[in-house]
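# Structure assessment
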Amino acid sequence: MNLVLFGPPGAGKGTQAKLLMQARALPQLSTGDMLRAAISSGSPLGLQCRGIMDRGDLVSNEIVIRIIAERLDEPDCATGAIFDGFPRTIGQAEALDRLLQSRGRKIHVAIELKINDEMLLQRAESRIREMIASGQVPRPDDTPETLRNRLEVYYRKTAPLIAYYRNQDKLRTVDGMGAIPEVAREIAAVLDSTA
Ligand code: AMP
């Protein structure tokens with residue numbers, strides 16, 4: 001099964017994608033993680049994306065589509081994948097449909113994690129506090145100012161995916177406000193009813 005997980009920054013996509021990866025034995029394809037790995041390795045791609053990501057803007061469709069296209073051809077994606085943080089624009093969603101179609105695959109379901117802005121900002125603040133308390137360095141794009149930009153970018157560029165997947169009858173909306181296991185249960189119920 002190929003599924004897309006999307007929602008505003010801090011909605012819990014990464015956490016839920018990791019749980020799903022274990023529960024359903026599907027690889028998690030997180031463009032955010034891939035881009036952060038490129039930055040850590042000091043590659044030209046990383047250098048190109050760093051400033052954009054630190055500001056909370058989106059890197060170009062061309063870059064992320066290329067990364068995903070390469071990743072899709074790895075053997076672990078043959079039976080499906082969890083797309084986490086990709087697609088983030090209509091152009092990316094169309095490209096993903098084309099990439100899958102040319103491989104005889106398709107998106108089965110797109111899950112929107114819904115959560116209000118106030119809760120997102122609260123979660124971000126507590127995440128920063130916890131990281132600092134445990135001696136970790138918070139993500140540079142996790143500051144309250146950058147988060148506000150990431151939210152604005154989400155509503156402008158990514159939220160149109162709601163209509164995109166609704167028109168394909170693939171949209172399922174899950175309340176992301178609950179505790180992690182509760183949200184995981186809701187997602188599992190959606191997937192069980194899709195399979
Ligand atoms: P994430 O870990 O999904 O929150 O992504 C962190 C940052 O990586 C985003 O704010 C963007 O700058 C960049 N990024 C990740 N995925 C994409 C994507 N699909 N399209 C464009 N930029 C992305």
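Reading the values: the criteria
- Residues numbered from 1 in each chain as written.
- Predicted model: local features only at pLDDT ≥ 70, side-chain atom pairs only at ≥ 80, totals over all residues.
- Heavy atoms only, no water.
- 1 Å grid on protein atoms, 1.4 Å probe; cavity = no way out; pocket = protein on both sides within 12 Å on 5 of 7 lines; lining within 4 Å.
- Points joined across faces, edges and corners; volume = space filled by probe spheres on them.
- Helix = DSSP H or I, 4+ residues; strand = E, 2+ residues; numbered from the N terminus.
- Nonpolar A, V, L, I, M, F, W, Y, C, P; charged D, E, K, R; others polar.
- Salt bridge = Lys/Arg side-chain N within 4 Å of Asp/Glu carboxyl O.
- Buried < 20%, exposed > 50% of the residue type's maximum accessible area, 1.4 Å probe, protein only.

Here we take up the layout of surface pockets. Over the atoms, a rolling probe the size of a water molecule traces out where space has been left empty. When its volume is computed, the largest pocket comes out at roughly 1100 Å³. Gly-10, Lys-13, Gly-14, Arg-139 and Arg-150 are, among the 49 residues lining the largest pocket, the residues nearest its centre. Mapped by element, the contributors of at least two residues to the lining of the largest pocket are strand 1 (2-6), helix 1 (13-24), strand 2 (28-30), helix 2 (31-41), helix 6 (117-133), helix 7 (144-158) and helix 9 (180-194). Split into classes, the residues belonging to the lining of the largest pocket amount to 18 nonpolar, 17 polar and 14 charged. Space inside the second largest pocket adds up to approximately 160 Å³. Taken together, Arg-36, Ile-39, Ser-40, Arg-50, Met-53, Asp-54, Arg-139, Pro-140 and Asp-141 make up the full set of residues lining the second largest pocket. Across the lining of the second largest pocket, the residue classes tally to three nonpolar, one polar and five charged.

Attention now moves to the pattern of salt bridges. Pairing of side chains with opposite charge becomes possible as their charged atoms draw close. Inspection of every chain in the model, using the stated rule, returns 13 salt bridges. Two residues, Asp-192 and Arg-24, come together in a salt bridge whose shortest N-O distance is 3.2 Å. Of this pair, Asp-192 sits in helix 9 while Arg-24 sits in helix 1, and the two are 168 residues apart along the sequence. Exposure remark for Arg-24: the relative accessible area of 30% places this residue in the partly exposed category. For Asp-33, the salt bridge is made with Arg-36, and the minimal N-O distance between the two is 2.9 Å. Taken as a pair, Asp-33 and Arg-36 lie in helix 2 at a separation of three residues, close to a single helical turn. It is possible to trace a salt-bridge network through shared partners that takes in Arg-127, Arg-139, Asp-141, Asp-142 and Arg-150.

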